[in-house]
Amino acid sequence: MPTTQSFLTDIKEIRRRARQHIEKGAVTEGYKADRETAVRLLNEALATEIVCVLRYKRHQFMAKGLNATAIAEEFAEHAAEEQDHADRIAERITQLQGEPNFSPEGILTRSHSEYIEGHTLTEMVKEDLVAERIAIESYSEIIRFFGNDDPTSRRLMEEILAKEEEHAEDMASLIDRVAREHL
Ligand SMILES: [Fe+2]
Ligand SMILES: [Fe+2]
């Protein structure tokens, strides 16, 4: 059994290592995950969020055109939250000395979720629910990858995952509402 003293790597060693490669910022020698894979996965999550922003924005304005103002507001709220997720993921990528990929080229290939417009309100909400469910599955896998090797990225993705679960629930109840109120 490790004692409290042997639990932490020798503090002198940590201090020595911290002084090396200070150009790497938050990435220390103790960083356990594979940094390149971490940045690639985070860039895929970033692309997923961007595609979700675009889809919710399209749906916001289409719903408004269909006189479904309350639903348009819900789409707008989700779009803003997906944008916040994108920003937080991009920030984490730079902390890991990576570059956030905002290039429109290949964004759909990098994204896990799809961009499907839908014509009726029901179709739109269904596509949003599908996209949320894709994000929930793929983010859960990303969280497992980070595990204890990169707790900061794991926590970030866990917080985002919790939000996507809320979004999925919102869309599921919206499907019922659209059907009930014949919107
Ligand atoms: Fe999101
Ligand atoms: Fe979402």
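This text follows the structure it describes.
We now turn to the structure provided with this report. Everything numeric in this text was worked out from a predicted model, so none of it was measured.

## Observations concerning the nonpolar core
Moving on, step 1. I71, F75, I89, L121, Y139 and M157 are the most contacted members of the largest nonpolar core, which has 43 residues in total.
Moving on, step 2. In terms of residue count, helix α3 (residues 35-65) provides more of this core than any other element does, eleven residues in total.
Moving on, step 3. Ignoring anything within four residues of it in the chain, the contact list for I71 reads A63, L121, L174, R177, V178 and L183.

## A word on the coordination of the iron ion (ligand 2)
Moving on, step 1. Taken together, the protein donors to the iron ion (ligand 2) comprise E82 (OE), E132 (OE), E132 (OE), E164 (OE) and H167 (ND1), at separations of 2.0 to 2.3 Å.
Moving on, step 2. All donors of the iron ion (ligand 2) belong to a single chain; written as a sequence motif, their spacing is E-x49-E-x31-E-x2-H.
Moving on, step 3. A distance of 3.9 Å spans the gap from the iron ion (ligand 2) to the iron ion (ligand 1), which E82 bridges by coordinating each metal. One end of the pair, E164, and the other, H167, are both in helix α7 (residues 151-180), three residues apart, so they sit about a helical turn from each other. Accessibility assignment for this pair places E164 and H167 in one class, buried.

## Examining the packing of aromatic side chains
Remark: the centre distance and the inter-plane angle together describe each pair of aromatic rings, the angle taken between the planes.
Moving on, step 1. Going through the model one piece at a time under the given rule, you end up with two aromatic pairs.
Moving on, step 2. With 6.2 Å between their ring centres and 40 degrees between their planes, Y56 and F75 make a pair best called tilted. Highlighted residues: Y56 in helix α3 and F75 in helix α4 (residues 69-95), separated in sequence by 19 residues. For the pair Y56 and F75, one class covers both residues: buried.
Moving on, step 3. Judged by centre distance (5.3 Å) and plane angle (65 degrees), the rings of F145 and F146 are edge-to-face.
Moving on, step 4. By relative accessible area, which is 0% here, F146 ends up buried.
Moving on, step 5. Above the plane of the ring of Y56 lies R55, whose end atom (NZ or CZ) is 5.1 Å from the centre.

## Thoughts on the coordination of the iron ion (ligand 1)
Moving on, step 1. Around the iron ion (ligand 1), the protein contributes the donor atoms E49 (OE), E49 (OE), E82 (OE), H85 (ND1) and E164 (OE), at 1.9 to 2.5 Å from the metal centre.
Moving on, step 2. Between consecutive donors of the iron ion (ligand 1), the numbers of intervening residues give the motif E-x32-E-x2-H-x78-E.
Moving on, step 3. By relative accessible area, which is 1% here, E164 ends up buried.

## A few points about α3
Moving on, step 1. Over its 31 residues, α3 runs 45 Å from end to end, which matches the ideal 45 Å to within 8%, given 1.5 Å per residue.
Moving on, step 2. Looking one or two places after α3, you find N67, whose phi comes out positive at around 65 degrees.

## A few points about the pattern of salt bridges
Moving on, step 1. Tallying each qualifying case throughout the model produces ten salt bridges.
Moving on, step 2. Here K163 ties to E81 by a salt bridge, and the two come within 3.8 Å at their closest N and O atoms. Here K163 is found in helix α7, whereas its partner E81 is found in helix α4, with 82 residues between them in sequence.
Moving on, step 3. Since its relative accessible area comes to 25%, K163 is described here as partly exposed.
Moving on, step 4. Measuring nitrogen to oxygen at the nearest pair gives 3.1 Å for the salt bridge that ties E166 to K163. Of this pair, E166 and K163 both sit in helix α7, separated by three residues, roughly a single helical turn.

Reading the values: rules and limits
Residues numbered from 1 in each chain as written. Chains lettered and ligands numbered in written order. Predicted model: local features only at pLDDT ≥ 70, side-chain atom pairs only at ≥ 80, totals over all residues. Heavy atoms only, no water. Core = buried A, V, L, I, M, F, W, Y, C linked by side-chain atoms within 4.5 Å. Buried < 20%, exposed > 50% of the residue type's maximum accessible area, 1.4 Å probe, protein only. Helix = DSSP H or I, 4+ residues; strand = E, 2+ residues; numbered from the N terminus. Contact = heavy atoms within 4.5 Å. Donors = N, O, S within 2.8 Å, 3.2 Å for Na, K, Ca; no water. Phe/Tyr/Trp six-rings, centres within 6.5 Å; stacked < 30°, edge-to-face > 60°. Lys NZ or Arg CZ within 6 Å of the ring centre and 35° of its normal. Expected span 1.5 Å × (residues − 1). Salt bridge = Lys/Arg side-chain N within 4 Å of Asp/Glu carboxyl O.

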